[in-house]
Amino acid sequence: MLHWISRGLAAVSLMAKQPLASFCEIEASHGDALVTKHGDYVSFLRLGGMRRMSTRADIDRLANAMRIDISGTLENRGHAIVGWYASDPDLAAVEIERVNMSACREIAKEIGLELGDIFEERKKLWTGMMRWEAAYFILWTRATTLTKEERKQMKEEQAALAKKCPNIGDAQKFYLRSDVMAARHTGFVSRVVSSLKGLDVAATELSAHDALVVAREAMYRETVGSAWRPTLVGDAFRPRWPDEKDERPILETLMWPAIRDLFFDSDAVVHDGQRVEIGLYDYGCVDMTMGPEDPRPFVELSSRLGQDRVPWRVSFVIEGGGNSDMLLKSAGAQFLWMFPGNRDITRAFELLKRERENNNHIAVRLRASFATWAPFGEVGKLRLRLSTLKQRLEAWGNCRGTTVIGDPLDGVMNSVPGLALASTAPPSVALIGDVLTMLPWGRTASPWDRGSVLFRQPNGAMWPYDPSGGSKRPQVLDTFVAPPRSGKSVLANTINLGLCLSSVALGAVGAKLPLIGKVDIGDSAEGFVLLIQEALGPQRRHEAIYTRMQFAPGFEFNVFDLQVGCEYPLPLEKAFLQNFLALITLPPDQSTPFEGMNQMIGIVIDEAYRLCTDVPGASPKRYRRGVEPLIDVAIKRHGVDLHQDEPHWRDVVKGLCAVGEYRLAEVAQRHAVPVLEDLVGAARTDQVKDMFGKLTIAMTAEQASDLFERYIYDVIRKFPTLNSPTRLDFGAARIIVMDLAEVAPTGSAAANRQTEMMYMLARHIIARNFFLKPDYLPFVPEEARSFHQPRFQEIYESVKRLDYDEWHRTQGSPQVRAQAELDVREGPKHNVQLGFASQRLSDMGDAIVSQSTGRFVLRAGDDAEAEEIVQRFNLSEASADIVRHRLHGPGPAGAPFLVVLRADNAKYEQMLVNTLGPIELWALSTTPGDRALRNRLYDRIGFREALRRLAKIFPGGSAEKEIEERKAKRMRRGELDARAETGVVDELANELADARGIGAKLRYGDSGSEFSASAAR
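Here's what I pulled together on the structure shown here. Starting afresh in each chain, residues are numbered from 1 along the sequence in its written order. Only residues with pLDDT of at least 70 are given local features in this predicted model, and only at 80 or more are side-chain atom pairs given and counted; all residues enter the totals for whole chains, interfaces and linings. Note that water and hydrogens are dropped before the side-chain values are worked out from all heavy atoms of the structure.

With that settled, consider unusual backbone geometry. The backbone of Glu 806 sits at a positive phi, close to 50°, despite the residue not being glycine. Secondary structure is summarised from DSSP: a helix means a run of H or I of at least four residues, a strand means a run of E of at least two, and numbering begins at the N terminus for each. Take Glu 806: it is sitting in the loop between β24 (800-804) and α28 (814-826). Phi at Asn 905 is positive, roughly 60°, even though this residue is not glycine. Structurally, Asn 905 is set in the loop between β27 (895-903) and β28 (906-914).

Spelled out as C-alpha cells, the structure:
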C-alpha cells in the first residue's frame, strides 16, 4: 500500500513540475522523431546556415519566400516551429579540438611532423577569439492537427500496441507511436526542409539519438563532446535485475529505461529567486515580453553578443493558430477602445487583418526565452552576462525583456530544446514573415563540418576549411588576388600546411607528406619549407626543399629526361616539350609561333629520341666509366653484362633495371637521352628535311630548319645548364619550392621571354610526375613495368598541389598559359590541385578565372579593380560591400579576405579572417625585414628558440615597425638606406640572441622575476 501511495505522490509531483525530470515530455522515439507522452512528434533540424552573406534586404526577401512555403502548415493549431540557437565562447576549446585540432595532431603524428608548439599556440589563440555555436529548428506536430477520424485511428494503433505489453511501468512507452502521426509529421518536416534548401540554407534532419544528445548538451554544458548516447527502443541494452523488495513491474526492468532517467543526472537548485544551479553552472534567464518594433535579422543580435563573448541561448516558439488568438484579442481591444492604450493595440490588429486580406500574410503565436550562464558560484559574472544579454535584446529592434520570472527554473528549462513545447514568456501575435526574419537560419555556413584549416568569421564563429577538397570539391583550382603586403602569401602557406595535415597524407601505402610544388618569385614560401624541415627532423629534412634557381654548376637540368626505362616521352611529357621548344624558338617580341614550326618541332622531338636508341641509323650515347662512380660500382657488383667495345648508356639503364637498381638506372638514363644540341642533328635528318625542307619563314627569309637551329644554338649559349645531363636532383623530396627571382628578370622583351622559359622549366621540374597514371603503363618497356606500376598507381591516387606566384609575369606568353590551361583541364583527372596568385584579377586570364573553384580576394588595388572583381565573380550585394570597403589588409586580429567557393554543387561566399599566432606568423612571414631577422636568428640560436624569442618580443608577428624606427634614426645620421636596414636587422638579431636591449625581457619568465635559462643560452 505504501508503495502505491509513494508512486501516486510522485505522479502528482511530476504534474506540479517539482523535480527536474518533470520538464521532459519525451517518452519514446519513432524513426528519426521523438514522441511525447501526449503522442506529439518532435524532430530536430540542424541549420548549417546560408552559403552566402546577405544584407537585411536579402533576409527580408528570403523570409518572405519561406513564409509563402510554410504558411499553410501554421495556418491552424497543431504544428509548431522552435528556432533554437546557442553560442558559447567557453566551449571554443572543445569545438576547436573536434573540428580541427584532434585530426591535425593525429595526422602530424602519423607522418612524423613535430608541430606541438604550433598546435598549442593555435589553441590558446583561437580559444580567446572564436566561439562554439549551433542552430536548430525543432519541429512539433501535435495530435490536434489530426482530423477526428485520424485521432480515432491513432488511439486504436496505440491501444493495439499497449495490449501486447500491458504493464511496463516507467519504461519507454513505445506504444505511443502512431503511423498516422508519423505520416503527418513527416510531411511537415519535408515541407520545412524543402523550403530551407530551396533558399540555399543548409538543413539536416537529426536522428532521434543525436537530437537527445543536442538537448542534453544544452542542459548540461559540461557534457559537450562527451560520449553519452541515449538508449532508445531497438537499441541493445543490459536489462536490470530487480531487487527482491522492488515492487515495480518485472517488464519495466527488462525493457528500455525511461528517457528522463537516462537524460538527467543531477537536479537543479534555485538560488536567490533568480539564479538556477544545474550541473557545474549557474543559469539566469530573460523572457521577451514584447516583440521588436522593427524586426531585424537574427545575425545582428548574435554578432553583437558574439563580440561581447557572452554565452547564451534562445528558444523562439512559433505556433500556428495566431489568427484565432487575434480575433479574440482584437474584439477585446475594440470593446475597450475608449482607453488610450488600447487604441494602439486595435490599430495593430487592424494592420494584421489587412496583411491577411491583401497579402495572405498569416499571424502566428510567438514566445521567446533566453538564458545565459556562468561557472557555479561566480554570481557577479552571471549578473553581468544577464545584464548584457538583456541590453542587447532590447537594442535588437526595440524589444522588451525581463529577468523577473515567476519560476526561474521553468524559465531556464524553456530554453532547453526539444523537451517540451513551453515558454514562460508572454505570447504575442506577429506576422509570420516578421518572425521568420528573427529566426537563426541566416548565419553563413561552411560546406565542411571539419577541416585541417580553421578560419574565423569576423563575429568569432568558426569556419572549417578542408584543403583536400574531398568529395565536396573534386576540382581544386584556387586564385589569390591582392596587392603586395595583403597576406596572400601567408594565406597560401596556411593552406599548404593544412594540406600536409589533412586526410590526403593518409594514402594507401601509409602516411606521407603530400606532393606539393610551388613556383615562386622571391622567398615567400621559404618559411613554410623551413617549418616543415624542422618539424620533420634532421633525418628527413630532404623531404622538403627550397631552392633558388641559378644558371650555375649543380643546377643543370635536361628537359628531355624520361621515366626510368623509357625510350620515348609519355604523352603529357611530349606536350610539354612541344610547348617549351615553341617558346624558345620565338622572337622575344612575339607570342605566336612561326607558320609550320609547331609541326616541325613535334617531328624533331621524335627524331631526337629515335637517334638515341639502338635502331638502324641511330647513334645511341656511349657509356664511359668515371662519369658516374656509383654506377660503375653497381655494374661491377651486380655483374651487369655490357658490350665490351661499344657499351651504351641505354644498355646500362636496362641492365640496372634488370637487377632492381632503379634509382641508379634513373641517373644512367640522364646520359642516354637527348640534350638541346641533339635537336640540331635531329632537324637535319632526311625525314625532317623531306617534310619541311621547303618551308621558308617569311619574316626572316630563312628555311625553317635553319631558323630552328639558330634559336637552339642561342639558347645553348645563353643557358648552358639546359644543355647538360641533369644534376639538379631533388631525390625523394615531396615538397619543392623553386624561387626564380635570380633567373626571371623583367624590363625588356628578352628578359620577359627568359622569365616565361623559367616558369615552364620550373613547372616541369616540380610537377612532371604529378600527371602520371596507370594508363601510361603500355608506353613503358616491359622490364620497367613492375617498378612503375605501383608508382604510377600511388601518384595517380594521391592528391598533388602546384602553386604559381606572381602569375602576372606570364602575361603575353601563350605557351606558358597554354601549359597551365592544359594542367587545369587535366588536373581533376589526376587529383592535381592548382593555385595561382597575382596582384590583379586580370593577371589570371579568363580560362583560369572561369574554371576556378576557390577565389580568395584579400584586397582590391583600387576602386576599378574592386568593381571588376564584383562583376567577374557575380558577387551578392553583401559580398560586394566587403570587397569595396572591408578588406584593409592584415591587422592585429588577423588577415581578412573574401572567399568565393564552388563546393558541394553550390556557391559559397564568406568574409573570413586568417588568424595565426606569433610563432606561426614568424615562421611563415614574407616581409623582407622580418625574414632577414628571422633567418639570422635561425643561424644564431636555432629554429625553435628563434621563433620563441621573436614571438615573445614581437607578439604581433612582425618587427617591421621597430625596424623602420631604428632605420629612420640611422638615416638621420647619414647612413645609406640599404646599409641602415642591414645594420638595424643585425642589431636586433644581436639583441635578441644575447637577451639585451629590446631582448632584455627574455631574461625573465612570465612572472617577471625569474631568469629564463633558455633565453640565456
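Let's pick the thread back up.
As a further point, take a positive patch on the surface. Together, Lys 148, Arg 151, Lys 152 and Lys 155 line one region of the surface with positive charge. Position of Lys 152 among the secondary structure elements: in helix α5 (residues 148-164). A patch consists of residues exposed above 30% relative accessible area that lack any salt bridge, with like charges linked at up to 9 Å and nonpolar side chains (Val, Leu, Ile, Met, Phe, Trp, Tyr) linked at up to 5 Å. Areas reported as accessible are Shrake-Rupley estimates using a 1.4 Å probe. Residue values count occlusion only from the protein chains shown. Any carboxyl oxygen of Asp or Glu within 4 Å of a side-chain nitrogen of Lys or Arg constitutes a salt bridge here. Note that His is not counted, nor are the chain ends; the positive residues are Lys and Arg, and the negative ones are Asp and Glu. Taken as the charge centre is NZ of Lys, CZ of Arg, CG of Asp or CD of Glu, depending on the residue.

Angles run from 0 to 180 degrees between N-to-C directions of axes, and those axes are lines fitted to C-alpha atoms, restricted for helices to the stretch in contact. Packing of helix α2 (residues 56-70) against helix α6 (residues 179-198) leaves a shortest axis separation of 10 Å and a crossing angle of 155°. Classified by the angle their axes make, α2 and α6 are roughly antiparallel. Considering the relative orientation of α2 and α6, their crossing is right-handed. Note on element contacts: α6 touches α2 through Arg 191, Val 192, Ser 195 and Leu 196, opposite Met 66, Asp 69 and Ile 70. Among the residues forming the contact of α2 with α6, the class breakdown is four nonpolar, one polar and two charged. An angle below 35 degrees is treated as roughly parallel, one above 145 as roughly antiparallel, one from 65 to 115 as roughly perpendicular, and anything else as oblique. It is the rotation of the near helix from the far one that decides the hand of a crossing: anticlockwise by less than a right angle makes it left-handed, clockwise makes it right-handed. Two residues form a contact once any of their heavy atoms are found within 4.5 Å. When residues are sorted by character, Ala, Val, Leu, Ile, Met, Phe, Trp, Tyr, Cys and Pro go into the nonpolar class, Asp, Glu, Lys and Arg into the charged class, and all the rest, Gly among them, into the polar class.

This part takes up the environment of Ala 57. Of note, Ala 57 is situated in helix α2. A relative accessible area of 53% places Ala 57 in the exposed class. Linking Ala 57 and Glu 877, residues 820 residues apart in sequence, is a C-alpha distance of 9.8 Å. Only protein chains enter the calculation, and the probe is 1.4 Å; a residue is then buried if its accessible area is under 20% of its type maximum, exposed if over 50%, and partly exposed in between.

Next up on the list: the state of the cysteines. Note that a disulfide, as used here, is simply two cysteine sulfur atoms within 2.5 Å. Applying the stated rule across the entire model yields zero disulfides. Here Cys 24 stays free of any disulfide, with the sulfur of Cys 285 as its closest cysteine sulfur at 19 Å. There is no disulfide at Cys 285, and the cysteine sulfur nearest it, in Cys 399, is 16 Å away. Cys 285 gets classed as buried once you look at its relative accessible area, which sits at 4%.

Per the stated rule, a full pass over the model turns up 76 salt bridges. Lys 123 is the salt-bridge partner of Glu 97, the closest N and O atoms lying 2.9 Å from each other. One end of the pair, Glu 97, is in helix α3 (residues 92-111); the other, Lys 123, is in helix α4 (residues 116-127), and 26 residues separate them in sequence. Judged by its relative accessible area of 22%, Glu 97 is partly exposed. Looking at Lys 123, the relative accessible area reads 23%, which means it is partly exposed. Among the charged side chains, a network of salt bridges with common partners joins Asp 40, Arg 142, Glu 319, Arg 365 and Arg 367.

On to the layout of surface pockets. The probe, sized like a water molecule, is rolled over the atoms to show the empty space still left. Counted as a void, the largest pocket has a volume near 1200 Å³. Contributing to the lining of the largest pocket are 46 residues, with Arg 46, Glu 95, Arg 98, Tyr 136 and Asp 449 lying nearest its centre. Those elements that place two or more of their residues in the lining of the largest pocket are β3 (41-50), α3, β5 (132-141), β6 (201-205), α7 (208-219) and β15 (462-465). Partitioned by chemical class, the residues of the lining of the largest pocket number 23 nonpolar, seven polar and 16 charged. Here a cavity denotes grid points, spaced 1 Å and computed from the protein atoms alone, that fit a 1.4 Å probe unable to get out, and a pocket denotes an open set having protein on both sides within 12 Å along at least 5 of 7 lines; residues with an atom within 4 Å of a point are the lining. Grid points are joined across faces, edges and corners, and a volume is the space filled by probe spheres set on the points.

Right, let's talk about empty space enclosed by the protein for a bit. For the structure on display, the rule yields eight cavities of 30 Å³ or more. Here the largest cavity is characterised by a volume of approximately 110 Å³. If you list the elements that add at least two residues to the lining of the largest cavity, you get α18 (571-584), α26 (749-767) and α28. Per-element accounting of the lining of the largest cavity gives the leading share, four residues, to α28. Its residues placed into classes, the lining of the largest cavity shows eight nonpolar, two polar and five charged.

In short, geometric facts, not functional conclusions.
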